[in-house]
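Tertiary structure, described
Chain by chain, the residues:
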Amino acid sequence: MDFGYTREEEEFRERLRAFLDRELTEEIARQNWEDKGVGPEAREFSRKLAANGFLGMSWPKEYGGQGLSPMYDFILLDELGKRWGAHVPLDVGYTMVGHTILRRGSDELKREFLTKIIRGEIEFCLGYTEPNAGSDLASMKMRAVEEGDFYIINGQKTFNTEAHYAEYHWLAARTDFNPHIPKHRGISLFIVDMNSPGITVRPLITMSGEQTNEVFYENVRVPKSRMVGDKNKGFYYMMEAIDSERNHVFTPCRLNPILNDLIGYVKETMFNGRPLAEDPKIQDQLAQMAVELEVAQVFAEHSRWMESNEIPMTYEPEMTKVFISELEQRLVDVGMQILGSFSQLEEDSKWVPLRGRIEWYFLHSFMTTIGAGTSEIGRNVIAQRGLGLPRG
Amino acid sequence: MDFHFSEEQKMLKESARNFLAAECPKTLVRAMEKDERGYSPNLWKKMADLGWMGIAFPESYGGIGGNLLDLLLLLEEMGRACLPGPFFSSIVLGGFTILEAGSEPQKKEFLPKIASGDRILTLAHTEPATTQFDPFLVTLKAQAQENYYLLEGTKLFVPDAHVAHFLICVARTRGEPSSREGISLFLVDSQSPGLHWELLTTVARDKQCEVLFRRVRVPAENLLGTIHEGGKVLEKVMQKAAIAKCAEMIGGAQFVLDMCLSYAKEREQFGKLIGTFQAVQHHCANMAISIEGGRYITYKAAWMLDRGLPCTKLVASAKSWVSDAYKRVVGLGHQIMAGTGYMEEHDMPLYSRRAKAAELAFGDANYYKKLVAKEIGL
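Residues numbered from 1 in each chain as written. Chains lettered and ligands numbered in written order. Predicted model: local features only at pLDDT ≥ 70, side-chain atom pairs only at ≥ 80, totals over all residues.

1. Quick word on the overall build of chain B
- Across its full length, chain B carries 11 helices and 10 strands.
- In terms of overall size, chain B behaves like a compact globule, its C-alpha atoms giving a radius of gyration of 21 Å where 378 residues would be expected to give roughly 21 Å.
- Considered along the principal axes of its C-alpha atoms, chain B spans approximately 80 × 50 × 40 Å.
- Counting every position in chain B, which comprises 378 residues, the buried fraction comes to 53%.
- Counting contacts in chain B only where the partners sit at least 6 residues apart, residues at least 24 apart contribute 73% of the total. (Helix = DSSP H or I, 4+ residues; strand = E, 2+ residues; numbered from the N terminus. Rg over C-alpha atoms; globule rule 2.2 N^0.38 Å. Buried ≥ 20, exposed ≤ 12 C-beta atoms within 10 Å, placed from the backbone. Contact = placed C-beta atoms within 7 Å.)

And the structure:
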């Protein structure tokens, strides 16, 4: 048993820290992750990350990577997270679909996309959820019908968050319409150019001000060569990727800046002539959060270790996801309690504390236990796949 | 980063589980709750023969040279089996304190005998004034005389004092009652005149004692470590004890979850297995989350302690989390087991009663959160 990092990993972290302290502004961090969406500054930052050798450490050399352990990517995510960055700017391509292209894509797809992903040049947008396919994702209805060298695709997706700036749609659609087969067996994955004729993107604005989107397909022609892996295997590829996605998206370090800001606030803020930091209840609440962040860290370390060593994961990343997402809500709730009346002030208000970050996180935190699968589905997965309880 | 156990560790854990399943059935656990001595000397001897008591002691002191993590694997299995007896007291509280602070002759005298199971030790730190846990609140006085110390005061919640051959008594040799400085440790023969113990009646029916020191004479050579500087030793021993207790708790909590899973897969209501109900599944998932988080943070803390890395915050986080986690797990376990688990003869109460004792041992979640608060600069 070993909880340490190698000397090479530590050196990478040191170089990365120096780079991020210099380059990662709060504006870029917020474009990375928060309400603003990826803009020119985040795109530029993405290219710089790649140019300085911080992207692609764990990727095969033939596509421009370094062929090292995934632990380097996790270190990158941790250091970004500690600075409000939470993930790389072009996150879906780099931490989600790229891995599936590598595992399942044709050589042609790998050559076309992987190098650009590792260079931080292109972004994808997940096209999974539909109005009637949420937790029950396999019941999706989007239709892809063969016609010569193309698939003709029709239907609607929803909550496709990067659709308004991504170059490509990572689309799941039905390719077998036999009503007698299990519904997860008739789904395929496609890479669709977002500029294709027939695609319409309509914004949906969330309660925390982020843009997500509805995406409509009307007779969109997609070359067959843009199908990922085998026909009708798409749902398996999605599920196969989900554990690694959880490991890359639900990183504990992204909660550190919230706690650190609160610690700073209670030390500087007075009540009745004494700093809030001396209030035993506040001490207890913040200490509880610090304890849970340590627990979140070991959950993540365990799941990452499994992924890095190619140990089959069944429920472990799900546990990490459920825990970290719910911790985010508890942490934000503690923050709102500590800020008191001032907690309700928005970023642009007079008297706003901590730049409105806690208030924004409060709104945002309602999503974290829903996005990428609800906590309830997560617990079903833990109970059934992890603990062997029977399906209802 | 590596979460693998070595082959030796895996074998140790498996053989410990099999051994305890055979040698420490719940009938024995229940019998020992009512037994005055509280453990089986026969089983004690067998454990000693397996080398368990010296597992984390160096070979030069009769041990087998393992580390804290090896010991934790055993403690996890002991927690699973509800093993009664003074193993924890003698090895963790007694052995580790001597290992930390003892002179060479003291180590040579005590550790091999602890490792062979022939000598039982314990540690007396808590006092009547400790209405909130604080190992450094020490009023029991040790006054230096010509060639001995005179101990006067009362200790509470001293585990296994009734069977111990020696008690390590935490005493004040100077300074204020709550000062870390001025604490000294003494090896006290349990047969010393003026030393009286009495068993307390506890929720876990474990053997915790009140120990009175009435002008107990302790030879000067039985001072353990440097005079007035016992606080530093105590701090280190408390860290190891807290993590060792976490391992015991994780083992117990895992057993509770396993028991609930078996039950949920055989108990039918409304014509279905109750394990198919999402409410039950989510209880079980919550138990698993509590346990797995606790297990990894416990191992991580042990890994840091073994390397001598600074880990005050991590140890405190672990004991805080695991104390609460075990409590949650038994609470959910009772919900799943329902009426049958509320019966005295069921195994469930063995665990829920021990969960409370373990939560309180060496400080509960609230105590450790105070340490964490300090560590994060509050």
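More follows now that the structure is in view.
2. Some details on the overall build of chain A
- The helix and strand tally for chain A stands at 12 helices and 10 strands.
- When its C-alpha atoms are laid out on the principal axes, chain A stretches across 75 × 45 × 45 Å.
- Evaluated residue by residue, chain A yields a buried proportion of 48% over its 392 residues.

3. Considerations on the interface of chain A and chain B
- Residue-level contacts link 37 residues of chain A with 37 residues of chain B.
- Elements that contribute at least two residues to the side of chain A that touches chain B include exactly helix H8 (256-268), helix H9 (280-308), helix H10 (316-339) and helix H12 (375-386) of chain A.
- Tallying contributions element by element places H9 of chain A first for the side of chain A that touches chain B, with 15 residues.
- Residue composition of the side of chain A that touches chain B, grouped by class: 23 nonpolar, seven polar and seven charged. (Nonpolar A, V, L, I, M, F, W, Y, C, P; charged D, E, K, R; others polar.)

4. Digging into the domain arrangement of chain B
Residue and element names in this part refer to chain B.
- Under the domain assignment, chain B is made up of domain 1 (7-119), domain 2 (122-229) and domain 3 (231-375).
- Centre-to-centre, using C-alpha coordinates, domain 1 lies 23 Å away from domain 2.
- Taken together, the contact pairs 14 residues of domain 1 with 14 residues of domain 2.
- Considering every element that reaches the side of domain 1 that touches domain 2, the biggest residue donor is helix H5 (residues 87-101), with seven residues.
- Each residue belonging to the side of domain 1 that touches domain 2 can be placed in one class, and the counts come to four nonpolar, seven polar and three charged. (Domains from an automatic or database assignment.)

5. Concerning the environment of Ser 192 of chain B
- Relative to the helices and strands, Ser 192 of chain B resides in the loop between strand E5 (183-189) and strand E6 (195-199).
- Excluding residues within four positions of it along the chain, Ser 192 of chain B makes contact with Val 216 and Arg 217 of chain B.

6. A few points about unusual backbone geometry
- Not every positive phi belongs to a glycine, and Trp 351 of chain A is a case in point at roughly 70 degrees.
- Its location among the elements puts Trp 351 of chain A in the loop between H10 and helix H11 (357-368).
- A positive phi angle, near 60 degrees, is found at Phe 362 of chain B, a position not held by glycine.
- Considering the arrangement of structural elements, one finds Phe 362 of chain B in the loop between helix H10 (348-360) and helix H11 (365-375).

7. Section: the nonpolar core
All names here are of chain B.
- Counting 173 residues, the largest nonpolar core has Leu 151, Cys 169, Phe 186 and Cys 284 as the members making the most contacts within it.
- Sorting elements by how many residues they give to this core places helix H7 (residues 230-264) first, with 18 residues.
- Excluding its chain neighbours within four sequence positions, the residues that come into contact with Cys 169 are Ala 124, Leu 140, Leu 151, Lys 155, Phe 186, Val 188 and Phe 213. (Core = buried A, V, L, I, M, F, W, Y, C linked by C-beta atoms within 7 Å.)

8. Let's talk about the confidence of the model for chain B
- For chain B, the mean per-residue pLDDT works out to 97, and 100% of the residues sit at or above 70.
- Here the predicted complex scores 0.96 on pTM and 0.95 on ipTM. (pLDDT = per-residue confidence, 0-100.)

9. Some details on the environment of Lys 155 of chain B
All names here are of chain B.
- Relative to the helices and strands, Lys 155 is located in strand E3 (residues 148-159).
- Note: C-alpha distance between Lys 155 and Tyr 342 (187 residues apart in sequence) is 34 Å.
- Among all residues touching Lys 155, those that are not within four sequence positions of it are Ala 124, Thr 126, Glu 127, Leu 140, Cys 169 and Val 211.

10. What to know about the domain arrangement of chain A
- Annotation of chain A at the domain level lists domain 1 (7-89), domain 2 (126-233) and domain 3 (250-386).
- Taking only C-alpha atoms into account, the centre of domain 1 of chain A sits 29 Å from that of domain 2 of chain A.

11. Things to note about the environment of Gly 63 of chain B
- Looking at the secondary structure, you find Gly 63 of chain B in the loop between helix H3 (41-49) and helix H4 (68-81).
- Apart from the residues within four sequence positions on either side, Gly 63 of chain B is in contact with Gly 54, Ile 55, Ala 56, Phe 57, Pro 58, Leu 111 and Ala 115 of chain B.

12. Some points on the packing of helix H8 (residues 278-307) of chain B against helix H9 (residues 312-341) of chain B
All names here are of chain B.
- Close contact between H8 and H9 brings their axes to 9 Å; oriented N to C, the two are set at 155 degrees. Regarding the angle of H8 to H9, the classification is roughly antiparallel. Where H8 crosses over H9, the handedness of that crossing is left-handed.
- The residue inventory of the contact of H8 with H9, partitioned by class, reads 15 nonpolar, eight polar and two charged. (Axes fitted to C-alpha atoms, helices over the stretch in contact; angles between N-to-C directions. Parallel < 35°, antiparallel > 145°, perpendicular 65-115°, else oblique. Left-handed = near helix turned anticlockwise from the far one by under 90°.)

13. Describing the packing of H9 of chain A against H9 of chain B
- It is the contact of H9 of chain A with H9 of chain B, at a shortest axis distance of 9 Å, that shows an interaxial angle of 95 degrees. Classified by the angle between their axes, H9 of chain A and H9 of chain B sit roughly perpendicular to one another. Across the interface between the two elements, Ala 290, Val 291, Glu 294 and Val 295 of chain A from H9 of chain A touch Leu 314, Ser 317, Ser 320 and Trp 321 of chain B from H9 of chain B.
- Tallied by class, the residues present in the contact of H9 of chain A with H9 of chain B amount to five nonpolar, two polar and one charged.

14. What to know about the pairing of strand E1 (residues 124-127) of chain A
All names here are of chain A.
- The alternating pattern of E1 places Phe 124 and Leu 126 and Cys 125 and Gly 127 on opposite faces, both of which are buried.
- Here four bridges tie E1 to strand E4 (residues 168-174), and the two strands are oriented parallel to one another. Residue pairing in the sheet places Leu 126 in a bridge with Trp 170 of E4. (Pairing = 2+ DSSP bridges.)

15. Some thoughts on the pairing of strand E3 (residues 150-157) of chain A
Residues and elements named next belong to chain A.
- Burial along E3 is one-sided: Tyr 151, Ile 153, Gly 155 and Lys 157 are buried, and none of Phe 150, Ile 152, Asn 154 and Gln 156, which face the opposite way, are.
- The pairing of strand E2 (residues 143-147) with E3 spans five bridges and is antiparallel. Across the sheet, the residue bridging to Arg 143 is Asn 154, located in E3.
- The hairpin turn running from E2 into E3, its antiparallel successor, is two residues long, and Gly 148 in that turn takes a positive phi close to 60 degrees.
- Sheet topology places E3 next to strand E7 (residues 211-223); seven bridges connect them, and they run antiparallel. Counterpart to Ile 153 in the pairing with E7 is Val 220.

16. Regarding H10 of chain B
Residues and elements named next belong to chain B.
- Taking 1.5 Å of rise per residue, the 13 residues of H10 would be expected to cover 18 Å, and the 19 Å separating its terminal C-alpha atoms lies within 8% of that figure.
- Along H10, the residues classified as buried are Met 348, Leu 350, Tyr 351, Ser 352, Arg 354, Ala 355, Ala 358 and Glu 359.
- Residues of H10 that are buried sit in contact with helix H2 (26-34), H7 and H9.
- Phe 362 lies just past H10 and shows a positive phi near 60 degrees. (Expected span 1.5 Å × (residues − 1).)

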